[in-house]
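Observations on the three-dimensional arrangement
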Amino acid sequence: MKTLNDLRCGVTAKVLDIKGEGALKRHILDMGVTRGTPVTVKKIAPLGDPIQISVRGYDLSLRRADAGLIAVQ
Amino acid sequence: MKKINIALAGNPNSGKTTVFNALTGGNQYVGNWAGVTVEKKSGKLRSDKNVTVTDLPGIYALSPYSPEEVVAGSFLLGEMADEKPDVIINVIDSSNIERNLYLTTQLADTGIPVIALLNMIDISQKRGDKIDPKILSAELGLPVFEASALRGKGLTDAVNAAKNAAAAKASPGISGHRIVNFSPEIEDAITRISKIIKNHVTSDKPVRFYALSLFEKDSLTADKLGLNETERAKIESIVKETEILLNDDSESIISSQRYDRVSAILTSCYEKGGKKSATDVIDNVVTNRFLALPIFAVIMFLVYYISVTTIGTIATNWVNDTLFTEIIPPAVTNGLESAGASAWLVSLIVDGIIGGVGAILGFLPQMAVLFLLLSLLEDCGYMSRIAFILDRLFRKFGLSGKSFIPFLVSTGCGVPGIMASKPIEDEKQRRITIMTTTFIPCSAKLPIIALIAGAVFGNSAWIAFSAYLAGILSIIVSGLILKSTKALKTKDMPFIMELPAYHVPRAANILNHVWIQLRAFIIKAGTIIFLASAAVWFLSSFGVENGRFGMVDADFSFLADFGKIFAPIFIPLGFGQWQFAVSSLTGLVAKENVVSTLAVLFGTSESGLGTHVNVLFSAAHVYAPAAAYSFLLFNLLCAPCFAAIAAVNREMGSAKWTMITLLYQTGFAYIVSLAVFQIWSAAAAIF
């Protein structure tokens with residue numbers, strides 16, 4: 001299954017599902033990363049982690065491990 | 001006139017602070033929300049003193065997870081001792097409207113009237129965005145006002161609407177207005193949950209809000225309402241049933257449907273402009289793969305150069321060395337002596353109080369410069385980029401990328417260094433930063449390094465280098481230790497951070513921020529340092545000599561007695577002579593005192609002290625450098641000076657955590673010095 005972590009820079013994909021639970025999952029949802037939302041990977045930090053994505057018209061940074069919880073299409 | 005409470009709620013970076021400053025002017029009260037280190041700001045409305053405005057912390061949602069969200073939620077639901085707000089002004093960043101309106105949908109569910117303020121409308125218009133406020137207002141069912149708090153536009157109408165809404169509100173009842181109607185399956189579940197909890201909720205509280213929280217598996221709400229086991233089980237089965245029906249988990253369903261509703265509303269009244277934002281252009285350079293680190297290094301060099309090397313230190317040195325050494329003490333001494341004050345009174349006022357209080361005031365210029373620079377970095381949006389660039393490196397040690405600044409500043413002085421930890425959002429990372437930042441040798445510790453380097457190491461420059469290295473290693477080791485403790489475990493801490501749009505910093509906000517920080521430090525630190533300095537002064541000036549109590553030389557003071565009791569503790573570390581114990585104690589007032597106290601106690605000048613210490617250690621130990629280095633390490637790593645302790649206390653927001661910090665630092669210093677001395681002398685004996 002493909003996750004947000006597998007996307008290359010500049011690629012846009014739709015969110016399928018969010019794994020995990022509790023605070024982490026809720027925070028991802030609250031920030032607007034919900035099922036069906038298009039997200040674009042914009043940049044990778046100079047040290048290789050975290051990544052910067054664009055969602056709902058703004059920019060969000062999240063770690064690769066957390067990006068791996070977000071299944072995309 | 002009826003008193004009205006307005007709550008300001010909104011996302012971080014929505015310009016809420018600017019709105020708050022514009023509404024309240026200088027009439028602000030800043031404190032903490034009960035029980036947490038989240039800042040609470042309130043003030044009286046400039047144009048009407050009957051109106052109190054409370055600035056809630058910036059939040060993305062009313063979820064039950066971050067302390068900011070919990071505090072904001074409890075306040076809006078009237079669960080705190082504070083008066084419940086009559087009306088909410090929801091500050092919305094117009095240039096990031098979709099995510100901002102998500103919170104609006106939750107605010108409406110609290111049952112408090114909401115006024116929507118489309119802030120930063122000028123920025124959004126410049127980008128070419130088109131918003132129709134009339135349609136938006138009709139769709140939300142809320143009054144909507146366009147505003148630019150920065151330019152002072154549009155606030156008056158919103159405040160008047162808020163006052164009207166507060167006045168019109170039918171006594172204690174709550175408004176049943178809602179923005180989101182969920183799908184029938186969910187509305188059915190909410191109705192069923194509402195029936196179960198009805199008897200636990202008073203009429204002035206929003207049943208729907210609590211029912212929704214319970215549907216989203218918020219156990220905090222179940223505890224708050226005092227639900228029994230049967231009720232909890234019933235709710236759980238309703239949630240499970242609905243989840244199976246909709247084939248998704250309850251939190252995802254609710255968030256998705258809220259966002260879907262927001263998107264639907266925006267389709268009817270909003271058009272995004274096509275212009276490429278300046279933020280993307282800046283980020284292409286500033287967080288570029290190759291340029292990010294060099295640019296970061298240059299910016300940090302400037303921060304260090306301005307606040308530590310030049311302006312900050314020049315001003316601080318003038319206050320310390322001229323104002324509180326050459327000008328005020330002689331003047332006060334002369335004044336007191338000519339008024340016929342007794343010697344002990346002169347000593348208390350000049351050495352104890354002016355000396356101690358002067359030590360805090362000396363930090364103020366440096367702190368002011370530093371806070372100014374930090375506010376600039378934060379207000380313009382660069383601070384988040386620092387966390388983005390450095391996260392990978394620092395998170396291994398339980399720290400944030402933003403911890404770099406406290407460590408850097410602490411090479412100059414630990415007090416502003418500790419306070420520079422404020423921008424770190426995560427409480428655990430902030431605590432670990434505060435607990436470790438004073439391991440970096442500050443400028444006041446340099447005389448100790450110079451003394452030991454000169455006494456036993458032939459002034460080798462490697463000693464100073466090794467002191468900084470020891471500081472960095474101590475931070476790394478402590479980070480690893482602390483983050484594995486139960487209270488500071490950061491393993492599961494998500495790092496999901498908005499990278500806000502860059503904007504030009506606002507002078508009024510920055511100056512206000514700097515002033516609030518300084519004032520808080522003067523008040524809080526002033527009391528601790530004042531008392532602590534007076535106590536140390538008393539202990540070092542008074543004692544029993546020849547069976548009589550009175551003012552005595554340092555050798556006979558209570559502090560010396562104290563030192564003699566404590567000295568044996570340091571025998572395993574290689575410096576069991578009582579003079580060393582006493583000097584470490586006076587180092588708590590200011591680390592410069594370590595060297596000057598030793599000089600006094602050994603009855604020698606500071607320049608002759610090195611030889612004295614060398615002779616002393618050589619007589620006591622076969623291998624003197626091990627003992628000397630152990631003494632150096634202990635004083636570098638143990639509890640910092642009172643001013644820094646006061647800063648720790650302020651930033652930790654809890655006496656318990658301050659104690660834990662001091663015990664950890666001193667314990668860590670003891671173990672490190674013990675290990676170094678024992679291993680070094682054992683190795684020296686063998687080779």
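Preceding this paragraph is the structure being described.
Residue numbers run consecutively from 1 along every chain, following the written order of its sequence. Following the order in which they are written, the chains are lettered starting with A and the ligands numbered starting with 1. Restriction of local features to residues with pLDDT of at least 70 applies here, the model being predicted, together with a cutoff of 80 or more for giving and counting side-chain atom pairs; totals for whole chains, interfaces and linings are based on all residues. As a rule here, side-chain values cover all heavy atoms of the structure and leave hydrogens and water aside.

Remarks on the overall build of chain B
Heads up, the condition is: The numbering of helices and of strands both runs from the N terminus, where a helix is a DSSP run of H or I of at least 4 residues and a strand a run of E of at least 2. The buried label goes to any residue with under 20% of its type's maximum accessible area, the exposed label to any with over 50%, and the partly exposed label to all in between, with areas taken from a 1.4 Å probe on protein chains only. Residue contacts are counted whenever heavy atoms from the two residues lie within 4.5 Å of one another.
Each helix and strand counted, chain B has 30 helices and twelve strands in total. Considering only C-alpha atoms, chain B reaches an extent of 85 × 65 × 55 Å along its principal axes. Evaluated residue by residue, chain B yields a buried proportion of 55% over its 687 residues. When contacts within chain B are restricted to residue pairs at least 6 apart in sequence, those whose partners lie at least 24 apart make up 71%.

Some points on the pattern of salt bridges
When the charged atoms of two side chains with opposite charge come close together, those side chains can pair. Residues and elements named next belong to chain B. Worth spelling out the cut-off: Note on definitions: salt bridges are taken to be side-chain nitrogens of Lys or Arg within 4 Å of carboxyl oxygens of Asp or Glu.
According to the stated counting rule, one finds 34 salt bridges over all chains in the structure shown. In this structure, the salt-bridge partner of Arg261 is Glu139, at a minimum N-O distance of 3.7 Å. Of this pair, Arg261 sits in helix 11 (residues 250-269) while Glu139 sits in helix 5 (residues 133-140); the two residues are 122 residues apart in sequence, bridging distant segments of the chain. On the basis of relative accessibility, which here comes to 32%, the residue Glu139 falls in the partly exposed class. Glu243 is the salt-bridge partner of Lys217, the closest N and O atoms lying 2.7 Å from each other. One end of the pair, Lys217, is in the loop between helix 8 (207-215) and helix 9 (219-225); the other, Glu243, is in helix 10 (residues 229-246), with 26 residues separating them in the sequence. Using a relative accessible area of 15% as the deciding quantity, one classes Glu243 as buried. Bridged by salt links that share partners, the residues Asp109, Arg178, Glu187, Arg208 and Arg258 form one connected network.

Thoughts on helix 20 (residues 427-437) of chain B
All names here are of chain B. Most of helix 20 is tucked away, with nine of its eleven residues classed as buried. Taken as a whole, helix 20 has its buried residues at Gln429, Arg430, Arg431, Ile432, Thr433, Ile434, Met435, Thr436 and Thr437. Summarising the contacts, the buried residues of helix 20 are in contact with helix 18 (404-410), helix 19 (414-419), helix 22 (461-483), helix 29 (642-652) and helix 30 (655-686).

Considerations on the interface of chain A and chain B
Quick note on the threshold: What counts as buried area is the accessible surface, traced by a 1.4 Å probe, that two parts surrender upon association, with contributions from both included. Identification of polar contacts relies on pairs of N or O atoms within 3.5 Å, with a donor-acceptor requirement for protein atoms, meaning one able to donate a hydrogen and the other able to accept it, and with residues adjacent in sequence counted only if both atoms are side-chain atoms.
Across the boundary between the two partners, chain A contributes 33 residues, which contact 43 residues of chain B. Note on chain A versus chain B: buried area summed over both sides is about 3500 Å², and carbon and sulfur give 54% of it. When residues of chain A are sorted by the area they lose upon contact with chain B, A:Arg26, A:Arg56 and A:Arg63 head the list and together hold 21% of the total. Counting across the interface, chain A meets chain B through seven salt bridges. Between A:Arg35 and B:Asp248 there is a salt bridge whose closest N-O contact spans 3.5 Å. Applying the counting rule to chain A against chain B returns 18 residue pairs in polar contact (both at pLDDT 80 or more).

Considering the nonpolar core
Rules: Residue types Ala, Val, Leu, Ile, Met, Phe, Trp, Tyr and Cys, when buried and joined through side-chain atoms within 4.5 Å, form a set referred to as a nonpolar core.
If you look at the biggest cluster of nonpolar residues, it comprises 97 residues, and the most contacted ones within it are B:Met367, B:Tyr382, B:Ile405, B:Val415 and B:Phe617. In contact with B:Met367, not counting residues within four places along its chain, are B:Val415, B:Pro416, B:Met419, B:Leu518 and B:Phe521.

Side note on the sheet that holds strand 4 (residues 58-62) of chain A
We apply this condition: DSSP-based pairing: two strands are paired if at least 2 bridges between them are found. Here, axes are lines fitted to C-alpha atoms. For helices the fit covers the stretch in contact, and angles between N-to-C directions go from 0 to 180 degrees.
Pairing within the open sheet is antiparallel, and its six strands lie in the order 5(A)-1(A)-2(A)-3(A)-4(A)-10(B). What marks the edges here is a single partner per strand, and that holds for strand 5 (70-72) of chain A together with strand 10 (496-498) of chain B. Mean inter-strand twist for the sheet, computed between neighbouring axes without regard to direction, equals 45°. Each of strand 2 (38-44), strand 3 (51-55) and strand 4 of chain A together with strand 10 of chain B touches helix 17 (residues 382-395) of chain B; the most contacted strand, strand 10 of chain B, lies at about 150° to it.

Quick word on the packing of aromatic side chains
Condition: Stacked, edge-to-face and tilted are the three classes for Phe, Tyr and Trp ring pairs, Trp counted by its six-membered ring, which pair at centre distances within 6.5 Å; planes under 30 degrees apart are stacked, over 60 edge-to-face, the rest tilted. By the criterion adopted, a ring carries a charge over it if an Arg CZ or a Lys NZ lies within 6 Å of its centre and within 35 degrees of its normal.
For the structure shown, the criterion picks out 25 aromatic pairs over all chains. Ring geometry for B:Phe209 and B:Tyr210: centres 6.4 Å apart, planes at 85°, overall edge-to-face. Ring pairs connect the aromatic residues B:Phe570, B:Phe575, B:Phe580, B:Phe602, B:Phe617, B:Phe631 and B:Phe634, which therefore count as one cluster. Here the guanidinium or amino end of B:Arg99 rests over the ring plane of A:Tyr58, the centre of that ring lying 4.2 Å away. Positioned above the aromatic ring of B:Tyr502 is the side chain of B:Arg385, whose terminal nitrogen or guanidinium carbon lies 4.1 Å from the ring centre.

So yeah, pure geometry; function would need other evidence.
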